[in-house]
Amino acid sequence: MIEDEPKVARALRAGLERAGYEVVPAGTGEEGFFLASSQAVDLVLLDLMLPGRDGLQVLEALRGRGLRTPVLILTARDAVEDRVAGLDLGADDYLVKPFAFPELLARIRARLRSGRPDETLRLALVDLDMDLVTRRVTRSGQLLDLTAREFALLEYLLRHRGQVISREMLASDVWKETARATPLDNVIDVNIARLRKKVDQGFAVKLIHTVRGVGFVAREGRA
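Residues numbered from 1 in each chain as written. Predicted model: local features only at pLDDT ≥ 70, side-chain atom pairs only at ≥ 80, totals over all residues. Heavy atoms only, no water.

Undergrad: Can you help me understand the pattern of salt bridges in this one?
TA: When the charged atoms of two side chains lie near each other, side chains of opposite charge can form a pair. Summed over the entire model, instances satisfying the criterion amount to 14 salt bridges. Between Glu150 and Lys198 there is a salt bridge, with the nearest N and O atoms lying 2.7 Å from each other. One end of the pair, Glu150, is in helix α6 (residues 148-159); the other, Lys198, is in helix α8 (residues 185-200), with 48 residues separating them in the sequence. (Salt bridge = Lys/Arg side-chain N within 4 Å of Asp/Glu carboxyl O. Helix = DSSP H or I, 4+ residues; strand = E, 2+ residues; numbered from the N terminus.)

Written as structure tokens, this is what we have:
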């Protein structure tokens, strides 16, 4: 999310995180370009009126590098020529401020569906189904109410189904903690316990298992 207005940025981030998305904020065009071009992101929310390098320059530079990441422009500029310029430079969608937040979420879902044709958008294990676009998780058709952290944990386990995942892997890849004085073992164990309760409680077939002294694994099995 490349947005220089602090109040708008805070509101957008809070709403997106409530919807289950992980948000990486940037307050300038230069910072946003660096983040979007140096790490894997699913979508870029781009304001046009930015200090230093403006949004159109950021977009042009991203596309010039061959990055196909979906870009959704959010701006107060509603002139036709501005919209045409953005779309011609490679933007995937354009939303004029002020906008209704549910519309933004709908457009994000649409961009993610069309912008990742080569990636798996749904993960499944036995009767557990995870939709990565709508961020809905069901088991035997029953909707599971997961926090953003629990969703990320489950996604990671399902992407590595059948593979034992260590706490160190979860700390690095899910918590993004690579240099920490004290380990995250207790935090990880608490979150795994909560996730397991939501996923497995009431079902004979258990899907999340602890491998003592090693880590965790998502696979079919009985208690």
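Picking up where we left off.
Undergrad: Hey, could you run me through the pairing of strand β2 (residues 71-75) in this one?
TA: Each regular strand carries side chains that alternate between the two faces of the sheet. Counting buried positions along β2 yields five of five residues, so the element is predominantly enclosed. Burial of β2 is two-sided: the residues Val71, Ile73 and Thr75 facing one way and the residues Leu72 and Leu74 facing the other way are all buried. This β-α-β element, strand β1 (residues 44-47) to helix α3 (residues 55-64) to β2, shows right-handed connectivity. Here four bridges tie β2 to strand β3 (residues 93-96), and the two strands are oriented parallel to one another. Bridge pairing in β3 places Leu74 opposite Leu95. (Buried < 20%, exposed > 50% of the residue type's maximum accessible area, 1.4 Å probe, protein only. Right-handed = clockwise from strand over helix to strand, strands pointing away. Pairing = 2+ DSSP bridges.)

Undergrad: When you look at the packing of α6 against α8 in this model, what are you seeing that I'm missing?
TA: α8 packs onto α6 with a crossing angle of 80° between their chain directions and a minimal axis gap of 10 Å. Between α6 and α8, the angle is such that the two are roughly perpendicular. Residue-level contacts link Arg149, Glu150, Leu153, Leu154 and Leu157 of α6 to Asn191, Ile192, Arg194, Leu195, Lys198 and Val199 of α8. Taken together, the residues that form the contact of α6 with α8 break down as six nonpolar, one polar and four charged. (Axes fitted to C-alpha atoms, helices over the stretch in contact; angles between N-to-C directions. Parallel < 35°, antiparallel > 145°, perpendicular 65-115°, else oblique. Contact = heavy atoms within 4.5 Å. Nonpolar A, V, L, I, M, F, W, Y, C, P; charged D, E, K, R; others polar.)

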